[in-house]
Amino acid sequence: MKKIFIPVALLLALICAITGMAACGDRTPLPVEDMEWEFLTLQDKDGNVICCAESNAELYPDAKVADAEVVLANNTVTLSVDGEQILSTAYTSVDKDGERTTIYSLAADNRDCRMVSSLAKTSSGTNLGALLITVGENTYYFYAPLID
């Protein structure tokens, strides 16, 4: 029994390794400047949704409906809510996870600001780009369809 178990275990380990590599085949960072980001929500430090896109108003009846926009161009991120500019600053990539998640440093003026881009999967299995921008204690969530 022991002689059969070892080859089977090695075969299973090899299959898992190959499957894992195939699932992680594309390790290219998301092209954040080439994506059309759609606003989802604005959450406070406790995760409460305080603002949301009109398309999410039924999901978050206590949240204010807002129109947030993020523009990424020439290594600059500009974030606006209802036409008011919240943030406009340079960003640089500081860390990658070896997959498709990137952490960015924001050169904000004396404010705690961060930005992360990654992949997200919907309940239906669709892959989306995800962009989170934290300004102080609030985090803005955006998504973008992936173009394959």
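Further up the page is the structure itself.
Report follows, based on the coordinates. (Residues numbered from 1 in each chain as written. Predicted model: local features only at pLDDT ≥ 70, side-chain atom pairs only at ≥ 80, totals over all residues. Heavy atoms only, no water.)

### Describing the sheet that holds strand S2 (residues 49–52)
The strand order across the open sheet formed by ten strands is S3-S2-S1-S10-S9-S8-S7-S6-S5-S4, and the pairing between neighbours is mixed. Edge strands, defined here as strands with exactly one partner in the open sheet, are strand S3 (64–65) and strand S4 (68–73). Relative to strand S9 (residues 127–135), strand S8 (residues 113–121) is paired through nine bridges, and the arrangement is antiparallel. Its bridge partner lying in S9, Ser117 is registered against Leu131. (Pairing = 2+ DSSP bridges. Helix = DSSP H or I, 4+ residues; strand = E, 2+ residues; numbered from the N terminus.)

### Considering the nonpolar core
Formed by 27 residues in total, the largest nonpolar core has its most connected members in Trp37, Val70, Leu72, Val77, Met115, Ile133 and Phe142. At the level of elements, strand S1 (38–43), S4, strand S5 (76–81), strand S6 (84–96), strand S7 (102–106), S8, S9 and strand S10 (138–145) are the ones that each hand at least two residues to this core. If sequence neighbours within four positions are ignored, Ile133 has contacts with Val70, Val77, Leu79, Leu87, Leu106, Arg114, Met115, Asn138, Thr139, Tyr140 and Phe142. (Core = buried A, V, L, I, M, F, W, Y, C linked by side-chain atoms within 4.5 Å. Buried < 20%, exposed > 50% of the residue type's maximum accessible area, 1.4 Å probe, protein only. Contact = heavy atoms within 4.5 Å.)

### A word on the environment of Leu87
Position of Leu87 relative to the elements: it lies in strand S6. Leu87 sits in the buried class, given a relative accessible area of 2%. When the C-alpha atoms of Leu87 and Ala108 are compared, they prove to be 7.9 Å apart, with 21 residues separating the residues in sequence. Excluding anything up to four places from it in sequence, Leu87 contacts Val77, Thr78, Leu79, Leu106, Ala108, Arg111, Cys113, Ile133 and Val135.

### Observations regarding unusual backbone geometry
Its identity as a non-glycine residue notwithstanding, Asn74 has a phi of 50°, on the positive side. By the secondary structure assignment, Asn74 is in the loop between S4 and S5. We note that Asn75 has phi near 60°; this positive angle belongs to a residue other than glycine. Structurally, Asn75 can be placed in the loop between S4 and S5.

### Looking at the pattern of salt bridges
Per the counting criterion, the structure on display carries two salt bridges. Where Asp82 meets Lys64, a salt bridge forms, and the shortest distance between an N and an O atom there is 3.4 Å. Here Asp82, found in the loop between S5 and S6, pairs with Lys64, found in strand S3; they are 18 residues apart in sequence, far enough to count as distant. According to the relative accessible area criterion, Asp82 is partly exposed, its value standing at 42%. One salt bridge connects Asp112 with Arg114, and the closest N-O pair in it is separated by 2.8 Å. Exposure remark for Asp112: the relative accessible area of 46% places this residue in the partly exposed category. Look at Arg114 and you get partly exposed, because its relative accessible area is 40%. (Salt bridge = Lys/Arg side-chain N within 4 Å of Asp/Glu carboxyl O.)

### Quick look at the environment of Gln85
Looking at where Gln85 falls in the secondary structure, it is placed in strand S6. A C-alpha to C-alpha distance of 9.3 Å links Gln85 and Glu69, two positions 16 residues apart in sequence. Not counting chain neighbours up to four residues away, the residues in contact with Gln85 comprise Thr78, Leu79 and Ser80.

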